Amino acid sequence: MQLFIWRHSKHFSSWSMLDEPHIHQQNYLQADVVVLAPSQEEALALLARNGDWQVDELRRLQPEVIPLDVPRIVISHVDGR
């Protein structure tokens, strides 16, 4: 099993980024999803069944993949607002 992490931020979007992915059904500024699955395809299938995530748009992004066989920091987030 592995963790698949997709993150997308619209905090700095502009008109020059019109082809930017939109990964969630709702409007958002920051969207993150973490899925535990044996493969990326199975992670995307779980997200498709959930119905809230735009799987075709997620495919445009490269997820961070975290194997679960070594210790490491999984998520670290700092928002400087």
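Whatever comes next refers back to the structure up there.
Here is a short report on the structure shown in this document.

About the criteria used
Throughout this document, residue positions are counted from 1 along each chain, in the order its sequence is written. With pLDDT at 70 or above as the cut-off, local features in this predicted model cover only qualifying residues; side-chain atom pairs require 80 or more to be listed or tallied, and sums for whole chains, interfaces and linings still use all residues. Note that water and hydrogens are dropped before the side-chain values are worked out from all heavy atoms of the structure. Here a strand is any run of E in DSSP of at least two residues, a helix any run of H or I of at least four, and the numbering for each starts at the N terminus. Note on classification: 1.4 Å probe, protein chains only; a residue is buried when its accessible area is under 20% of the maximum for its type, exposed when over 50%, partly exposed between these limits. When checking whether two residues touch, look at their non-hydrogen atoms; a contact exists if any pair is within 4.5 Å. For accessible areas, the Shrake-Rupley method is used with a probe of radius 1.4 Å. Any residue's cover is judged against the shown protein chains and nothing else. When DSSP finds two or more bridges between a pair of strands, those strands are recorded as paired. Among the buried residues, those of types Ala, Val, Leu, Ile, Met, Phe, Trp, Tyr and Cys that are joined through side-chain atoms within 4.5 Å form a nonpolar core. For Phe, Tyr and Trp, where Trp contributes only its six-membered ring, two rings pair if their centres lie within 6.5 Å, and the inter-plane angle classes them as stacked under 30 degrees, edge-to-face over 60, or tilted in between.

1. Focus: the overall build of the chain
No. 1: Scanning the chain from N- to C-terminus turns up two helices and three strands.
No. 2: Scanning the chain from its N terminus toward the C terminus, one meets helices and strands in the order β-β-α-α-β.
No. 3: Judged by the C-alpha coordinates and their principal axes, the chain covers about 40 × 30 × 20 Å.
No. 4: Within the chain, the fraction of its 81 residues that count as buried is 31%.
No. 5: Excluding contacts between residues fewer than 6 apart, the proportion of contacts in the chain whose partners are at least 24 apart in sequence is 63%.
No. 6: Of the roughly 5,800 Å² of accessible surface on the chain, 53% is carried by carbon and sulfur atoms.

2. A closer look at the pairing of strand 2 (residues 30-37)
No. 1: In strand 2, alternate side chains face the same way, and those of A31, V33, V35 and A37 are buried while those of Q30, D32, V34 and L36 on the opposite face are not.
No. 2: In this sheet, strand 2 lies alongside strand 1 (residues 2-9) in antiparallel orientation, the contact comprising eight bridges. If you follow W6 over to strand 2, its bridge partner there is V33.

3. Describing the pairing of strand 1
No. 1: For strand 1 and strand 3 (residues 64-67), the ladder comprises four bridges, and the chain directions are antiparallel. Residue pairing across strands places I5 opposite E64, the latter belonging to strand 3.

4. Looking at the nonpolar core
No. 1: W6, I23, V35, L47, W53 and L58 are the most contacted members of the largest nonpolar core, which has 15 residues in total.
No. 2: Those elements that provide at least two residues to this core are strand 1, strand 2, helix 1 (40-50) and helix 2 (55-58).
No. 3: Residues contacting W6, with those up to four places away along its chain left out, are A31, D32, V33, V35, Q40, A43, L44, L47, L58, L61 and P63.

5. Structural notes on the packing of aromatic side chains
No. 1: One pass over the structure, following the stated rule, counts one aromatic pair.
No. 2: Between F4 and W6, the aromatic rings sit 6.3 Å apart at their centres with planes inclined by 25°, giving stacked as the arrangement.
No. 3: On the basis of relative accessibility, which here comes to 2%, the residue F4 falls in the buried class.
No. 4: A relative accessible area of 1% means that W6 is categorised as buried.

6. Some remarks on the environment of R7
No. 1: Mapped onto the elements of the fold, R7 is located in strand 1.
No. 2: With relative accessibility at 37%, the residue R7 sits in the partly exposed group.
No. 3: Placed 35 residues apart in sequence, R7 and E42 show a C-alpha to C-alpha distance of 18 Å.
No. 4: When neighbours within four sequence positions are excluded, R7 is seen to be in contact with Q30, A31, D32, L61, E64 and I75.

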